[in-house]
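# Coordinates in review
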Amino acid sequence: MSASVCAVDWPELLDPVPGAGIPLVGKHLALITRRGIFHSKRLETVWGGLLADHGVRTFADVRPRSLGIVATDLSHSRGVLFPAGLARYGHDPARFSIARAVRMSAAVPFLFTPVTLHDRLTGEKVMMADGAMAANYPVGVVRRDRPVVGFRLVADGDGHDHHHVGGPLSLARSVMIAGIRARYSLPRLIDSGAHVIQVPVSDDLDFEMSNEEARRVFDRGRAAAADQLADLDLARPRNGRIHDDGATFDGSHVVTANTWTSVSG
């Protein structure tokens with residue numbers, strides 16, 4: 001995994017929409033006219049290649065109920081859990097690209113343009129975006145009859161990261177980052193029933209990383225996980241909700257753009 005992460009050309013993942021490169025005003029105009037500054041097709045292409053290296057292309061290539069990907073349906077103001085949620089739009093999970101689902105889940109508003117999904121039942125064009133808007137830490141869809149471990153990105157350092165808001169672009173960026181982080185600055189009022197591994201990062205949306213910087217971020221995350229896992233009692237599951245609605249996952253992974261939930265055992 002380390003080799004795959006560090007081999008990605010992160011800056012090249014950002015594919016500006018037409019006009020976004022115009023000095024001073026381009027990105028502002030892109031937000032207004034294109035619903036985002038960058039396309040996300042390159043994300044799908046790169047993730048698709050990484051998955052294909054392991055023989056995975058569609059949800060038929062993974063064990064049933066082992067993978068869940070969360071996205072947000074902007075057109076209907078609701079969260080969508082793939083692959084179970086695809087039936088609502090007339091799509092067969094066995095023929096649906098996992099990389100495309102990941103692209104939808106990673107389409108952070110304002111930064112990336114929404115991803116279109118054709119609803120085969122109604123003929124509508126549905127706009128899909130970042131799953132974190134619906135659930136940025138979706139441990140509630142994982143069964144609790146075994147230990148659940150979730151990985152969450154947290155601000156590095158002292159936590160005082162002032163974002164200057166001077167116009168629509170900086171406002172959009174502040175809104176995006178607050179959407180990812182703000183909930184977890186509050187006291188933890190409700191126990192999710194999951195073990196939480198906090199991975200320190202300096203910027204949740206930093207695509208300007210070199211391969212060496214990507215390696216350092218990965219190594220820091222791996223070290224943080226190793227340290228925190230050593231202190232956890234995984235011998236028995238913690239109490240939490242158990243859903244039995246056909247959309248609950250027996251294990252391995254549930255993903256949004258900024259979190260990763262894993263089931264042990």
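Check the entry above for the structure.
Treat the numbers as computed from the prediction; the structure is a model and nothing was measured.

Attention shifts here to the pairing of strand β6 (residues 115-118). Every second residue of β6 is oriented toward a common face, the buried set being V115 and L117 and the non-buried set T116 and H118. As paired elements, β6 and strand β7 (residues 125-130) share 4 bridges and run antiparallel to each other. Following the sheet pairing, L117 is matched in β7 by V126. If you look at the hairpin formed by β6 and β7, you'll find 6 residues sitting between the two strands, and G123 has a positive phi there, around 85°.

A word on the side chain of E44. You can see E44 is positioned in helix α3 (residues 41-52). Judged by its relative accessible area of 11%, E44 is buried. Those residues in contact with E44 that lie beyond four places of it in its chain are S97, A99, R100 and R103.

A word on the pattern of salt bridges. Summed over the entire model, instances satisfying the criterion amount to 7 salt bridges. A salt bridge links E12 to R42; the nearest nitrogen and oxygen atoms lie 3.6 Å apart. Pair noted here: E12 is in the loop between α1 (2-7) and β1 (15-16) and R42 is in helix α3, with a separation of 30 residues, a long-range link. According to the relative accessible area criterion, E12 is partly exposed, its value standing at 45%. A salt bridge links E44 to K41; its shortest N-O distance comes to 3.9 Å. With E44 and K41 both in helix α3 and 3 residues apart, the pair spans about one turn of that helix. Since its relative accessible area comes to 41%, K41 is described here as partly exposed. Through salt bridges that share partners, K41, E44, R100 and R103 make up one connected network.

In this section: α3. The end-to-end C-alpha separation of α3 is 16 Å, in line with the 16 Å expected for 12 residues at 1.5 Å each. Considering only its buried residues, α3 is in contact with α4 (98-106) and β5 (110-112).

Okay, helix α7 (residues 211-230) next. For α7, built from 20 residues, the straight-helix expectation of 28 Å at 1.5 Å per residue is met to within 8% by its first-to-last C-alpha distance of 29 Å. Where α7 is buried, its residues meet α1, β8 (148-155) and β9 (195-201).

What follows concerns the sheet that holds β5. The strand order across the open sheet built from 3 strands is β1-β2-β5, with neighbouring strands paired in mixed fashion. The open sheet is flanked by β1 and β5, the only strands paired with a single partner. Judged from the 2 bridges that link them, β1 and strand β2 (residues 36-39) form a sheet pairing that is antiparallel. What sits directly across from P16, in β2, is F38. Sitting on the sheet, helix α2 (residues 26-33) touches β2 and β5, and the angle it makes with β2 is about 90°.

Right, let's get into the environment of A226. Note on placement: A226 falls in helix α7. What makes A226 partly exposed here is its relative accessible area of 46%. Each C-alpha atom, one on A226 and one on I197, is 9.2 Å from the other, the two residues being 29 residues apart in sequence.

What counts and what doesn't
- Residues numbered from 1 in each chain as written.
- Predicted model: local features only at pLDDT ≥ 70, side-chain atom pairs only at ≥ 80, totals over all residues.
- Heavy atoms only, no water.
- Buried < 20%, exposed > 50% of the residue type's maximum accessible area, 1.4 Å probe, protein only.
- Helix = DSSP H or I, 4+ residues; strand = E, 2+ residues; numbered from the N terminus.
- Pairing = 2+ DSSP bridges.
- Contact = heavy atoms within 4.5 Å.
- Salt bridge = Lys/Arg side-chain N within 4 Å of Asp/Glu carboxyl O.
- Expected span 1.5 Å × (residues − 1).
- Axes fitted to C-alpha atoms, helices over the stretch in contact; angles between N-to-C directions.

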